[in-house]
Amino acid sequence: MQRNDGEIRRPSLSLPILRTARRQHRAGTLTLGSLLSALGEASFGWAIVVFSLLTLLPLPPGSSLITALPLLVTTAQMMLGYPHVKLPGRLARLRIDPLKLRRTVLRLRPVTRRLERILVPRYKTLFSRRNERPLGLFMFVIAFALFLPVPLSGWFPAISLFIIGVGIVEKDGLVSSVGLVLGAASVLLTATILTSLAAGADALIH
């Protein structure tokens, strides 16, 4: 896409997700597996982007125990060296509410707009075959922090994984590295909250 002043404008990161979800919803085929397959199921990046969005849906407290499962599966497969994402049947058939998905995507527009301005293929060594397993391990740890039902900590690992996933999709190692730093901070925050809760429970008991 090109602006009037001749500047090339990057297509919105959210458009493929929203268009695919709308089309599949109209056809009555919108599931987690079908959405991911249409976006490119072999891409771990798109899988992480979509699954991160699911964890950010407006759902009851404790829902991360369910919504974070696809992220745990995906990052574990990446850590184990799988060539592409293989969703278990139940996860693949999981229905998605298109309105909630749209609201979540639009809520993240301030983040995605900033990313769209700076995304370029660079530092692609981060995504080399040699680094795939360590990267998967790091993301698995972040996903596990998201999986834990710890108050006030869920958004941070989800957003960091979203940023990492966008970097993987666009082969931008710098953006993914920023997501990894945010993910490390979110893991530290989760560990700090858990330690505080454990100390408080121990004080009550004794």
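Each remark here, short or long, concerns the structure printed above.
Some details on the overall build of the protein
The helix and strand inventory of the protein stands at eleven helices and zero strands. When the helices and strands of the protein are read in sequence order from the N terminus, they spell out α-α-α-α-α-α-α-α-α-α-α. Residue burial in the protein is summarised as follows: out of 206 residues, 43% are buried. Within the protein, counting contacts between residues at least 6 apart in sequence, those at least 24 apart form 73% of the total. Here the protein displays about 11,100 Å² of accessible surface, and carbon together with sulfur accounts for 64% of that area.

A few points about the packing of helix α2 (residues 32-40) against helix α3 (residues 44-55)
Running from N to C, α2 and α3 point in directions that differ by 145°, and their axes come no closer than 10 Å. Our pair here, α2 against α3, has a crossing hand that is right-handed. Within the contact between the two elements, α2 uses L32, L35, L36, L39 and G40 and α3 uses W46, A47, V50, F51 and L54. Here the contact of α2 with α3 is built from residues that sort into nine nonpolar, one polar and no charged.

Here we look at α2
Those residues of α2 that fall on the buried side of the exposure criterion are L32, G33, S34, L35, L36 and L39. Residues of α2 that are buried make contact with α1 (15-27), α3, α5 (69-79), α6 (89-92) and α7 (98-107).

A word on the side chain of T104
Its location among the elements puts T104 in helix α7. With residues up to four places along the chain from it excluded, the contact list for T104 reads L53, L56, L57 and P58.

Details of the environment of R103
Inspection of the secondary structure assignment puts R103 in helix α7. Overall, the relative accessible area of 45% leaves R103 in the partly exposed class. Sequence separation between R103 and L57 is 46 residues; the distance between their C-alpha atoms is 8.1 Å.

Some thoughts on the packing of α1 against α2
For any two helices packed against each other, one specifies the inter-axial angle together with the distance between the axes. Contact geometry of α1 with α2 gives a least axis separation of 10 Å together with a crossing angle of 130°. In terms of their interaxial angle, α1 and α2 are classed as oblique. Between α1 and α2 lies a crossing whose hand is right-handed. Residues P16, I17, T20, A21 and Q24 of α1 lie in contact with α2, whose contacting residues are S34, L35, A38 and L39. Partitioning the contact of α1 with α2 into residue classes produces six nonpolar, three polar and no charged.

Observations regarding the side chain of T74
For T74, the location among the structural elements is in helix α5. Not counting chain neighbours up to four residues away, the residues in contact with T74 comprise F44, A47, I48, F51 and V85.

A few points about the pattern of salt bridges
Where charged atoms from two side chains of opposite charge approach closely, those side chains can pair. For the structure shown, the criterion picks out three salt bridges. The closest approach of N and O atoms between E116 and R109, which form a salt bridge, is 3.0 Å. A relative accessible area of 13% means that R109 is categorised as buried. A salt bridge links D172 to R122, with the nearest nitrogen and oxygen atoms 2.9 Å apart. Of this pair, D172 sits in the loop between α10 (155-169) and α11 (173-205) while R122 sits in the loop between α8 (109-118) and α9 (129-147), placing them 50 residues apart in sequence. Of the residues examined, D172 reaches a relative accessible area of 0% and is grouped as buried. Given a relative accessible area of 24%, R122 falls into the partly exposed group.

Calculation rules
Residues numbered from 1 in each chain as written. Predicted model: local features only at pLDDT ≥ 70, side-chain atom pairs only at ≥ 80, totals over all residues. Heavy atoms only, no water. Helix = DSSP H or I, 4+ residues; strand = E, 2+ residues; numbered from the N terminus. Buried < 20%, exposed > 50% of the residue type's maximum accessible area, 1.4 Å probe, protein only. Contact = heavy atoms within 4.5 Å. Areas by Shrake-Rupley, 256 points an atom, 1.4 Å probe, with all protein chains shown as cover. Axes fitted to C-alpha atoms, helices over the stretch in contact; angles between N-to-C directions. Left-handed = near helix turned anticlockwise from the far one by under 90°. Nonpolar A, V, L, I, M, F, W, Y, C, P; charged D, E, K, R; others polar. Parallel < 35°, antiparallel > 145°, perpendicular 65-115°, else oblique. Salt bridge = Lys/Arg side-chain N within 4 Å of Asp/Glu carboxyl O.

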